[in-house]
Amino acid sequence: MKKIRLIIAREVKSKLANKTFIIMSILAPILINGFLGIMIKMSQSEKTEQNVLVIDDSKLFRDKLVGNDFVSLSYSNAKLEDAVASFTKKNYTCVLWISPNLIEGGAGATKLFYKKSPGLAFQTFIKDQMERIVYENKLKANNIDPAIISNSKQNIKVIMERVDEKGNTEEQSDIRLFGFVMGALMFIFILLYGMMVFRSVMEEKTSRIVEVIVSSVRPFELMLGKIVGVAIVGTIQFLIMGLLTFLLSALLSTIFLKDAKTQLDSFNAQQELVKKNGTNINLDQLEKFDDKLKLFDMLTKIQQINFVEVFVCFILYFIFGYLFYSSIMAAIGSAVDSEADSQQFITPVMIPLMVGYFIAIKTIMDPDSSAVFWGSLIPFTSPIVMMSRITNGVPFWELLLSLSILFVSFIFMTWMAGKIYRTGILMYGKKTSWREIGKWLFYK
Amino acid sequence: MPDILQIKNVSKKYSNHIALNDVSINVAEKAVFGLLGPNGAGKTSLIRIINQITGPDSGEIFFKGEKLNPKHVERIGYLPEERGLYKKMSVGDQVLYLAQLKGLPKYEAKKRLTYWFEKFEMQSWWKKKIEELSKGMQQKVQFIVTVIHEPELLILDEPFSGFDPINAQLIKNEILELRKKGATVIFSTHNMGSVEELCDNIALINKSEKILDGSVKEIRKIHRTNTYNITFKGNLLGFTNALWTGAEILDKNTEDDIHSVTLKLLGGVTSSQLLQAILPICEIHSFNELIPSMNDIFIMKVNQGNEVAGTKSNYTE
């Protein structure tokens, strides 16, 4: 036992001292959060002041286009040529020109002149307003009251409720995508740390240190120490990444989503009000959140995720799934003695992982298919597939069965890997085949 | 002297060949034991079984009278033929780690490591990575790893390969010193010169079977061929006549007026009788018995074995 501890300690120390490891653990959360931050940032309106001179030759928009906190509009009857010529001297940031035949359509009917490129959000802000005004104009031209049109529009939200065996219903949050992300993460983690074990075993074999070590400890102890050592490294890395991601995203959300949260609260309060009072409510008094609905939907879904359940399952499936696959990786790592030969052994191990990944994709579309069911029980795919299902609500017995199968399989696989490993690490100079590996299982 | 190691009827089979076939060897305590044999004979298989890296299919091994078990690994030191250390780990950490795996407490390992580093004048290597050292330096580190836990039984597989003559001598001296301190050394080698120099006893393995064992002196004595070399001054014809039918001349040559004759005694004639016969005739400068070297015996025995043997083993050691 003391010797296994020594082996684990060495494995952990050598990996933690590795520069790539440190950089990876810190850089990955920063990149992910940075990416998310940019996405959110882009979806929000810019805070750049825009001072726009509008030259409306169509006479449709005068005083109908309105600004907001950051956009101020002023109208002018000047000619476009003059306005553009004097543009640089004036303190307008943009000149918006609308052609007289806008209503007939056609490209180039509207032009925006600028000094510094305005953001996408500003462009959308102007464009959406213009489209709405043209739309209402056209309706009016046909004697249709725009209010009729807007009142006949209805947003429909389907609420999913699962009925279990006892007849209890439970509202299901439609957050399959989140489950898939968990499954994909599992795939990456198992592969990453499995490969770490593989490389570590191969390195010991090719540097020939292994014969010195197995003259002091049993090969099985060496293998186990290595696997556990990498598992600890993996957990440390997972915690670093998790903590860093949590901190960064908390930071990001206070910066970007503070408004969104208060808005979401008033949106929810408003919905309650509508539910209670039915149509006896003055619609004009309601705040309009149309442009925020997507974001609200996302936030609501995230709030519905049972993070504790997901976290516990992730850890359990990661540990057993990792142990299962890293045993296989250790066994095949012992069988090869050069990087060049390793591919033919890694590919067959990759295939079930890839299958699991594809079933996880299928879970998004069809979470109750039999492929998903069996995929979440078979140990080769269950860590990935089960994680992708977890947010859809999995019956407890299925979860328990799947974990038990995985547990028993990992014990069996480790035992088998130990037998292969013992012989494999001392075999040099021969190209190994699967048949050969099969024979090693039966050596004394 | 009691035996530190008794190997009894050990056999080991791999899927397509037999590595060891019913091998029994006793290794005497506090002596240097040579395990000899051509490549692929089964030496490394046997050494791995003694180190409990693999198990025998049948047969038993006793270490100081106890059946070999995992506790014994701490009392055995092993230098494999293919040397290897962690390339990216520092010399100090590495030796400490491997010493602890052999059961040494850390402080003790540190103390002994300091002693060895001073002895080999390599104190400055402590923080260096193995990959920064030359091959000879790595070998020294590996030797320290093998002996740092002061094993009672030291197993060295081809210990001199890869050493330059100066370092080889250094290691030779260490081996002899360790023996003086009471360790038993088993080493396998092809270098027959070092066998005669170092070994007290040997076993010769060929084609997975033991074909010869015993003390080096005994073996050479047994393989004596009654061959002598005599150099003398005098009449060569007279010399030949004096031998008459008592000896057969194998080789002769003359330089200036000194003759050198190699001859084999026939039919129970002793060396004293020979000397008596030739003493009156010539002036003897030297008289030597030509005892076969271990090299000769090795080649002879292996060739004998090969003439009888069937298919050649293709197992790589």
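Bear in mind the structure is a predicted one, so any value in this text is a computation, not a measurement.

**Points about the overall build of chain A**
Regarding its fold elements, chain A presents 16 helices and six strands. Looking at chain A residue by residue over its 444 residues, the buried ones come to 27%.

**Concerning the packing of helix 6 (residues 176-206) of chain A against helix 14 (residues 382-389) of chain A**
Residue and element names in this part refer to chain A. Contact geometry of helix 6 with helix 14 gives a least axis separation of 6 Å together with a crossing angle of 160°. Considering their axes alone, helix 6 and helix 14 lie roughly antiparallel with respect to each other. Here helix 6 and helix 14 pass one another in a crossing that is right-handed. Here Gly179, Phe180, Met182, Gly183, Met186, Phe187 and Ile190 of helix 6 lie close against helix 14, whose contacting residues are Pro383, Ile384, Val385, Met387, Ser388 and Arg389. Partitioned by chemical class, the residues of the contact of helix 6 with helix 14 number nine nonpolar, three polar and one charged.

**Notes on helix 3 (residues 106-119) of chain B**
All names here are of chain B. Compared with the 20 Å implied by 1.5 Å per residue over 14 residues, the 20 Å span of helix 3 between its first and last C-alpha is a close match. Within helix 3 the residues assigned to the buried category are Ala109, Leu113 and Phe117. Buried residues of helix 3, seen end-on, are gathered within an arc of 70° and therefore sit on one face of the element. Away from its buried face by more than 90 degrees, helix 3 exposes Tyr107, Lys111, Tyr115, Glu118 and Lys119. Check the buried side of helix 3 and you find it contacts helix 2 (91-101). In the segment just after helix 3, Glu121 is the residue with positive phi, at about 50°.

**Remarks on the interface of chain A and chain B**
Across the boundary between the two partners, chain A contributes 19 residues, which contact 23 residues of chain B. Looking at the side of chain A that touches chain B, the elements with two or more residues in it are helix 1 (2-16) and helix 7 (209-214) of chain A. At five residues, helix 7 of chain A tops the list of elements feeding residues into the side of chain A that touches chain B. Here the side of chain A that touches chain B is composed, by residue class, of seven nonpolar, five polar and seven charged.

**Some thoughts on the domain arrangement of chain B**
We note that the domain assignment places domain 1 (3-217) and domain 2 (225-289) within chain B. The centre of domain 1 of chain B, based on its C-alpha atoms, is set 46 Å off from the matching centre of domain 2 of chain B.

**Quick word on the nonpolar core**
By size, the foremost hydrophobic cluster in this structure holds 127 residues, and its most contacted members are A:Met186, A:Val197, A:Ala330, A:Met387, B:Val95, B:Ile155 and B:Val185. Counting residues per element, this core draws most heavily on helix 11 (residues 307-335) of chain A, at 15 residues. Non-local contacts of A:Met387, meaning those with residues more than four positions away in its chain, are made with A:Gly179, A:Met182, A:Gly183, A:Met186, A:Cys313, A:Phe314 and A:Tyr317. In this structure, A:Val54, A:Ile55, A:Val71 and A:Phe122 belong to the second largest nonpolar core, which totals 16 residues.

Procedures and definitions
Residues numbered from 1 in each chain as written. Chains lettered and ligands numbered in written order. Predicted model: local features only at pLDDT ≥ 70, side-chain atom pairs only at ≥ 80, totals over all residues. Helix = DSSP H or I, 4+ residues; strand = E, 2+ residues; numbered from the N terminus. Buried ≥ 20, exposed ≤ 12 C-beta atoms within 10 Å, placed from the backbone. Axes fitted to C-alpha atoms, helices over the stretch in contact; angles between N-to-C directions. Parallel < 35°, antiparallel > 145°, perpendicular 65-115°, else oblique. Left-handed = near helix turned anticlockwise from the far one by under 90°. Contact = placed C-beta atoms within 7 Å. Nonpolar A, V, L, I, M, F, W, Y, C, P; charged D, E, K, R; others polar. Expected span 1.5 Å × (residues − 1). Arc of directions from axis to C-beta. Domains from an automatic or database assignment. Core = buried A, V, L, I, M, F, W, Y, C linked by C-beta atoms within 7 Å.

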